[in-house]
Amino acid sequence: MTTATASRDYPRIVVPPPGPKARAIVERQDRFASTSYPKEYALAVARGQGPMVEDVDGNRFLDFMAGIAVASTGYGHPKVVKAVQDAAARFLHICGSDFYYESFAALCERLAQLAPGTSKKRVFLANSGTEAVEGAIKLARHSTGRPAIIGFLGAFHGRSYGGLSLTASKAVQRLGFAPFLPEIHHVPYGYRYRCEYCRGEQACNRRCVSWIEQELFTKKVPPESVAAIFVEPIQGEGGYVVPPAGYLRDLRELCDRYGILLVADEVQCGVGRTGKMWACEYEGIEPDILLSAKGLGSGMPIGAIIAKESIMKWKPGAHGTTFGGNPVCCAAALATLDIVEKELLPKVSKMGERLISGARKLQDKYAVIGDVRGRGLMVGVEFVKDRETREPAPDVPRELVDRAFKKGLLLLGCGKSSLRLAPPLVVDEYDVDTALRIIDECLHEMSD
Ligand SMILES: *Cc1c(COP(=O)(O)O)cnc(C)c1O
């Protein structure tokens, strides 16, 4: 810790947020924008720098949600900004589905080489996580000739019909939109803290995985009809849930026994967030298809389907996109991957350890914290009314997020009663300690 960290100009609250300028924007946007946007709190952004976000009234916030785990390299990283500016000045669009340009070729090559495992990969570039999921559903059915897909309770895969059909994290996201894609089956995730299978057992025997084989496959869904299992290596929207050790390996083996594709949705947990480039590297597995988006472009919209070459063999015209792999977004992604690989990856694990051990200290202090889990800078804190019954306490993260905002810390909930800590990957000791201090202050006030 250096003295430089002692004199930061953030967090800094000059007007209780939302101030007058923020309120004017909120009112205007709420009058004309779709009523479906969830909206967390009245943050109206003017600019950002590193892990700091400044609102239109001059308040400076420390960001521990990164615009939903997207601002991986922080705000305004000079290399990303320059890459975007240079690319924008050259050409904004030509359509990578139909023509060629260097950044498109370079990004496909780069992602194919970065993906875990030794098989040769091919890459489809999309605009978003949802579009990557949607394409992967199509690719899985197309390449296996099988109809069924297995997803997990708590999973989030997007809002389009394919993605939404696979999503099972909040019922409000599905209410009124049925019927969904047929042949999608949800099974419980490896959620150790709320396990349905190993209750009362000391060790985790990953019975949730054997259940798929012994129950689902024998009673309802014949495995030879299953195209793919879609899994988030760490569940994001569902509560920042880290599955038990061996879980992804078990799923990999299950898939191999029946010729089922394993699709790792790393839209939220990938691109260095967990301290490795991809979260499934922690289990040493090679997914058949890997999906990326969110942090990949540091905020520029880009998604990717990275598949084994043996699987991505669909014919020209079978799948495409007008904007996917936009040249400005490709430039942002290439710069982001450089920065994450060369500058940030070694730091993420170190900062992550500091964050999780700080969160565990808060758990010792506050009985409302039932569970702390995470990898790298993807940390979940789950709140309960009672540590014995583990009854969820959704009001606690809600109030905590609100209080933290007023003190200059941006947070976001997830799952039923959890808090997600997902700062830009550029945070340092000062940032981690400041976030923990503010959370401590809020919980202290709330326990009075
Ligand atoms: C956010 C998310 C998506 C959807 O991505 P969008 O870019 O919002 O379309 C899909 N999968 C996971 C795991 C996500 O976190």
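Residues numbered from 1 in each chain as written. Predicted model: local features only at pLDDT ≥ 70, side-chain atom pairs only at ≥ 80, totals over all residues. Heavy atoms only, no water.

## Some points on the domain arrangement of the chain
A common way to state how big an interface is: give the accessible area lost once the parts meet. Here is the rule we go by: An automatic or database domain assignment is the source of the domain bounds shown. Between two residues, a contact is recorded if the distance between any of their heavy atoms is within 4.5 Å. Buried area counts how much accessible surface, traced with a 1.4 Å probe, disappears from two parts once they are put together, with both parts' losses summed. Should a side-chain nitrogen of Lys or Arg be within 4 Å of a carboxyl oxygen of Asp or Glu, the pair is scored as a salt bridge. For the purposes of these results, a polar contact is taken to be a pair of N or O atoms within 3.5 Å, where, inside protein, one atom must be able to donate a hydrogen and its partner to accept one; residues adjacent in sequence count only when each atom of the pair is a side-chain atom. Strands are runs of DSSP state E lasting at least two residues, helices are runs of H or I lasting at least four, and both sets are numbered from the N terminus onward. Classes in brief: Ala, Val, Leu, Ile, Met, Phe, Trp, Tyr, Cys and Pro nonpolar; Asp, Glu, Lys and Arg charged; the others, Gly included, polar.
Split by domain assignment, the chain resolves into domain 1 (3-77 + 346-447) and domain 2 (94-325). Averaged C-alpha coordinates put domain 1 and domain 2 at centres separated by 27 Å. At the interface, 34 residues of domain 1 touch 25 residues of domain 2. Interface area for domain 1 against domain 2, summed over the two sides, is near 2,500 Å², with a carbon-plus-sulfur share of 54%. Where Glu237 meets Arg420, a salt bridge forms, and the shortest distance between an N and an O atom there is 2.8 Å. Joining domain 1 to domain 2, the criterion identifies 14 residue pairs in polar contact (both at pLDDT 80 or more). Where the side of domain 1 that touches domain 2 is concerned, the elements lending two or more residues are helix H2 (66-69), helix H9 (327-365), strand S11 (369-375), strand S12 (378-383) and strand S15 (418-421). It is S11 that contributes the most residues to the side of domain 1 that touches domain 2, five residues altogether. Looking at the side of domain 1 that touches domain 2 residue by residue, the classes come out as 18 nonpolar, nine polar and seven charged.

## A short note on the sheet that holds strand S14 (residues 412-414)
For the record, the criterion: By definition, two strands form a pair when at least two bridges between them are found by DSSP. Lines are fitted to the C-alpha atoms to define the axes, a helix being fitted only along its stretch in contact, and any angle between axes, read from their N-to-C directions, falls within 0 to 180 degrees.
As summarised here, the arrangement of the four strands in space is S11-S12-S15-S14, forming an open sheet in which the pairing is antiparallel. Pairing within the sheet leaves two strands with one partner each, and these edge strands are S11 and S14. Across the sheet, the axes of successive neighbouring strands diverge by a mean angle of 30 degrees, strand direction being ignored. Pairing between S11 and S12: six bridges, direction antiparallel. Residue Gly374 lies in a different strand from S12, and its bridge partner there is Val379.

## Points about the nonpolar core
Note the threshold: We define the nonpolar core as a collection of buried residues of types Ala, Val, Leu, Ile, Met, Phe, Trp, Tyr and Cys that are connected through side-chain atoms lying within 4.5 Å of one another. Each residue is placed in one exposure class: buried if its accessible area under a 1.4 Å probe, protein chains only, is under 20% of its type's maximum, exposed if it is over 50%, and partly exposed if it falls in between.
With 108 residues, the main nonpolar core has Phe64, Leu111, Phe152 and Leu411 as its most contacted residues. Per-element accounting of this core gives the leading share, 19 residues, to H9. Per-domain counts for this core show at least three residues from each of domain 1 (3-77 + 346-447) and domain 2 (94-325). Ignoring anything within four residues of it in the chain, the contact list for Leu411 reads Tyr41, Phe64, Met65, Leu400, Val401, Ala404, Leu419, Leu421 and Ile439. Judged by nonpolar contacts, the second largest core, of 25 residues, contains Phe124, Ala126, Ile137 and Ile184.

## Overview of the pairing of strand S3 (residues 60-63)
Taking every second residue as pointing to the same face, both faces of S3 are buried, with Arg60 and Leu62 on one and Phe61 and Asp63 on the other. With three bridges connecting them, strand S2 (residues 52-55) and S3 associate as antiparallel partners. From the neighbouring strand, Val53 faces S3, where its bridge partner is Phe61. Between S2 and the antiparallel strand that follows it, S3, lie four residues; Gly58 among them carries a positive phi value of about 90 degrees. Sheet topology note: the S3/strand S13 (residues 409-410) ladder contains two bridges and is parallel. For Leu62, the partnering residue across the bridge sits in S13 and is Leu409.

## Considerations on the environment of Cys95
Structurally, Cys95 can be placed in the loop between helix H3 (78-90) and helix H4 (102-114). We classify Cys95 as buried; its relative accessible area is 9%. When neighbours within four sequence positions are excluded, Cys95 is seen to be in contact with Tyr101, Thr321 and Thr322.

## As for the sheet that holds S13
Spatially, the four strands line up as an open sheet ordered S1-S2-S3-S13, and their pairing is mixed. Strands with a single pairing partner mark the edges of an open sheet, and in this sheet they are strand S1 (45-49) and S13.

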